[in-house]
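Structure at a glance
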Amino acid sequence: MAPAAALLIGYLLGSIPFGVILTRAAGAGDLRQIGSGNIGATNVLRTGRKGLAAATLLLDALKGAVAIWLVSRLFPGDEQLAAAGAFIGHCFPIWLRFRGGKGVATLMGIVLALYWPIGLVFAAVWLGLLATVRISSVAGMAAAVSAPVAAAAFGRFDLVALLIGLALIVVWKHGANIERLLAGTEPKVGRKGE
């Protein structure tokens, strides 16, 4: 029962669509009808509300971390199941007919909670590329891919398989972005569209 409970706790926490909730509460409309339709912080930024975007980023990261923290107290040893559940919940939330986000912020919260040095590498890659290349999809995918590499570099081989799986989902969820990158039409942060 404990593994199933850990997975369920993670999924339910991860499936909370903070971007949709915050934009609606702030009177900014339905986030799914704005920009790319994505429920993450990058699309929230397209509403022109930087504070809401920052709050969405923080809360999406926190729900991954909180799921792991909670399961570590209730069912020690099942933290990776909580991590997987939270990530899947964000990407495929039951409340939004399984149409969720791309998982980058939630993955950052997950890696920070599982082993914080990996989270620091993740954040450095993400923020560094966002500041230099200014293409959200490139920064997010590169950060996701950096997580299993960093886990191996730090000797946390117990986390590598999980992080490879989650990174592959992040890349898969960015399929349309990859097509635009190849076509040279992927916009930079601060421009409309995705």
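The present account deals with the structure reproduced in this document. (Residues numbered from 1 in each chain as written. Predicted model: local features only at pLDDT ≥ 70, side-chain atom pairs only at ≥ 80, totals over all residues. Heavy atoms only, no water.)

This part takes up the packing of helix α5 (residues 79-91) against helix α6 (residues 104-114). The interhelical angle for the contact between α5 and α6, taken along N-to-C directions, is 170 degrees, at an axis separation of 10 Å. What the angle tells us is that α5 and α6 run roughly antiparallel. Two secondary-structure elements touch here, α5 through E79, A83, A86, F87 and H90 and α6 through T106, L107, I110 and L114. Its residues assigned to classes, the contact of α5 with α6 shows six nonpolar, two polar and one charged. (Axes fitted to C-alpha atoms, helices over the stretch in contact; angles between N-to-C directions. Helix = DSSP H or I, 4+ residues; strand = E, 2+ residues; numbered from the N terminus. Parallel < 35°, antiparallel > 145°, perpendicular 65-115°, else oblique. Contact = heavy atoms within 4.5 Å. Nonpolar A, V, L, I, M, F, W, Y, C, P; charged D, E, K, R; others polar.)

Overall, the coordinates contain three aromatic pairs when judged by the stated rule. Their ring planes at 80 degrees and their centres at 6.0 Å tell us that F122 and W126 sit as a pair that is edge-to-face. Within this pair, F122 and its partner W126 are both found in helix α7 (residues 116-132), separated by four residues, close to a single helical turn. The class for F122 is buried, based on a relative accessible area of 0%. Over the ring of Y115 we find R156, and its NZ or CZ is 4.9 Å from the ring centre. (Phe/Tyr/Trp six-rings, centres within 6.5 Å; stacked < 30°, edge-to-face > 60°. Buried < 20%, exposed > 50% of the residue type's maximum accessible area, 1.4 Å probe, protein only. Lys NZ or Arg CZ within 6 Å of the ring centre and 35° of its normal.)

All chains considered together, the criterion is met by three salt bridges. With its nearest N and O atoms 3.3 Å apart, the salt bridge here joins K63 to D60. Here the residue K63 and the residue D60 both occupy positions in helix α4 (residues 50-74), the gap between them amounting to three residues, near one helical turn. Accessibility assignment for this pair places K63 and D60 in one class, buried. For D158, the salt bridge is made with R156, and the minimal N-O distance between the two is 2.7 Å. Taking the relative accessible area as the measure of exposure, R156 reaches 23% and is therefore partly exposed. (Salt bridge = Lys/Arg side-chain N within 4 Å of Asp/Glu carboxyl O.)

The next point concerns the side chain of K102. Examined against the element boundaries, K102 turns out to sit in the loop between α5 and α6. Side-chain polar atoms of K102 contact the side chain of N177, separated by 2.7 Å. (Polar contact = N/O pair within 3.5 Å; in protein donor to acceptor, adjacent residues only side chain to side chain.)

The end-to-end C-alpha distance of helix α9 (residues 157-173), which contains 17 residues, comes to 25 Å, matching closely the 24 Å that a straight helix rising 1.5 Å per residue would cover. The set of residues buried in α9 consists of L159, V160, L162, L163, L166, A167, V170 and K173. Buried positions along α9 lie against α5, α6, α7, α8 (136-153) and α10 (175-183). (Expected span 1.5 Å × (residues − 1).)

What follows concerns the nonpolar core. Counting 30 residues, the largest nonpolar core has L107, I118, F122, W126 and L163 as the members making the most contacts within it. Listed by contribution, the elements that provide at least two residues to this core are α4, α5, α6, α7, α8 and α9. Ignoring sequence-local partners within four residues, the contact set of W126 consists of L57, V104, A105, M108, A139, G140 and A143. Core analysis: the second largest hydrophobic core is formed by eight residues, V20, L31, I39 and L96 among them. (Core = buried A, V, L, I, M, F, W, Y, C linked by side-chain atoms within 4.5 Å.)

On the surface, L8, L12, I94, W95 and F98 cluster together into a nonpolar patch covering about 530 Å² of accessible area. Looking at the secondary structure, you find L12 in helix α1 (residues 2-14). Note on L12: relative accessible area 39%, which makes it partly exposed. (Patch = residues over 30% accessible without salt bridge, like charges linked within 9 Å, V, L, I, M, F, W, Y side chains within 5 Å. Areas by Shrake-Rupley, 256 points an atom, 1.4 Å probe, with all protein chains shown as cover.)

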